[in-house]
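# Architecture at a glance
Each chain, letter by letter, is given below.
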Amino acid sequence: MYDLIIIGMGISGITASIYAKRAGMKVLLLEGSAPGGTINKISTIENYPGYASIAGPDFAYNLFEEVNKLQIEYKLEKVTDVILEETTKLVKTTSNVYEAKYLLIASGRHPKMLGLKNEEKFLGRGISTCALCDGALYKNSDVAVIGGGSSALSEALYLANIVNKVYLIHRREEFRGEDTLIKEVKETKNIELILNNEVTELKIEDDTLKGIVLKDGKEINVKGIFIYVGFLPNTAFLERTDLKMEDGYIVVDKYHETNIKGVYASGDVTKKEIYQIVNAASEGAEAVVYMTNK
Ligand SMILES: Cc1cc2nc3c(=O)[nH]c(=O)nc-3n(C[C@H](O)[C@H](O)[C@H](O)COP(=O)(O)OP(=O)(O)OC[C@H]3O[C@@H](n4cnc5c(N)ncnc54)[C@H](O)[C@@H]3O)c2cc1C
């Protein structure tokens, strides 16, 4: 029986585990993929205090090192189901069942796709949601980045250093991202902006992705397409629970507690306004402080 089980080893879950360990709790971290979470997929982070600029995987490595240094127990097992009873929270993974007094859900979110025909088929074969992971495959080629938020802008800038040309395609006139990124994108010579337009079709020849077709009928030849059009929360394992959700995200109160007593949530999986590293970290910390002070 653990005091606390944390689902997700992103910045939010790992920060929570550090606070829990230091508060003397018996804590278990569960991770279905790579420790560090979304941070592993960010090319450069330039807005986290203490690091003027750091590569995402380096940041993720530092987090994982801290988990090991503090001897925080973790298991690389994907959570498939949870049963939330009054006193006990049961967590089922692909290979085990664990029990805890408290549960913190910090499972983050994953990229939304465009919903185009053949999109899933070409994921990893021309379509990507991670410039850092796949950018090098398109060295000196032309690529398209789809989206208008900070993620799309920063990843377009990253790709512009590797590829020949980036078409940045956004369905609106104005970008939603940070001003500094917008300015930099506009000043980068090999980024061409295509605004008020949308991708409607993938151009495929001989089972190879050749480009895209836009709403206005224009065709653009690109070797790679990077999609940053939003996210969906990772909550499939919560299907059998009565947790309150809004737009698929977990609703929490100011103590980061859900509508079920003893069940907390933090970071990108929760319904909130700002989805950034700095507040995902602070929410994980706060959740643990509040649960230990109750
Ligand atoms: C391309 C991109 C660039 C970004 N750039 C910046 C930036 O420059 N600055 C900034 O502040 N923010 C940035 N962000 C946002 C930032 O990365 C997130 O807000 C933050 O990392 C969220 O942390 P988290 O711990 O809530 O979730 P995540 O990091 O997503 O961690 C959740 C973890 O839970 C795991 N998980 C999910 N389901 C299960 C399951 N069933 N069982 C077990 N484990 C599970 C996942 O594998 C993952 O490791 C960027 C995001 C993207 C996509």
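Residues numbered from 1 in each chain as written. Predicted model: local features only at pLDDT ≥ 70, side-chain atom pairs only at ≥ 80, totals over all residues.

A word on the overall build of the chain. What the chain contains, in helices and strands, is 6 helices and 21 strands. Over its C-alpha trace the chain gives a radius of gyration of 20 Å, about what one expects of a compact globule, namely 19 Å for 294 residues. The buried share of the chain, reckoned over its 294 residues, is 39%. Long-range contacts, defined as pairs at least 24 residues apart, comprise 63% of the intrachain contacts of the chain with a sequence gap of at least 6. (Helix = DSSP H or I, 4+ residues; strand = E, 2+ residues; numbered from the N terminus. Rg over C-alpha atoms; globule rule 2.2 N^0.38 Å. Buried ≥ 20, exposed ≤ 12 C-beta atoms within 10 Å, placed from the backbone. Contact = placed C-beta atoms within 7 Å.)

It is worth spelling out the pairing of strand β14 (residues 199-205) at this point. Of the strand pairs in this sheet, β14 and strand β15 (residues 208-214) are connected by 6 bridges, and their pairing is antiparallel. Bridging across to β15, K203 finds its partner in G211. Linking two consecutive strands that pair antiparallel, namely β14 and β15, is a turn of 2 residues; a positive phi of about 50° is found at D206 within it. (Pairing = 2+ DSSP bridges.)

Taken together, 35 residues lie around the ligand, and G8, G10, G37, G108 and G267 are the ones closest in. Elements with a minimum of two residues in the shell around the ligand: α1 (11-22), α4 (150-160) and α6 (277-292). For the shell around the ligand, the residue count by class is 14 nonpolar, 16 polar and 5 charged. Both domain 1 (2-110 + 232-292) and domain 2 (113-227) contribute no fewer than three residues apiece to the shell around the ligand. (Near = placed C-beta within 6 Å. Nonpolar A, V, L, I, M, F, W, Y, C, P; charged D, E, K, R; others polar. Domains from an automatic or database assignment.)

This part covers the domain arrangement of the chain. Taken as a whole, the chain is organised into domain 1 (2-110 + 232-292) and domain 2 (113-227). Of note, the centres of domain 1 and domain 2, computed from C-alpha atoms alone, are 31 Å apart. Taken together, the contact between domain 1 and domain 2 spans 5 residues of the former and 7 residues of the latter. Counted by class, the side of domain 1 that touches domain 2 contains 1 nonpolar, 3 polar and 1 charged residues.

Attention shifts here to the sheet that holds strand β17 (residues 224-227). Reading across the sheet, the 5 strands line up as β10-β17-β11-β12-β13 and stay open at both edges, with parallel pairing between neighbours. Looking at which strands have only one partner, the edges of the open sheet turn out to be β10 (127-128) and β13 (191-195). The pairing of strand β12 (residues 165-170) with β13 spans 5 bridges and is parallel. Counted as the bridge partner of L168 is L193 from β13.

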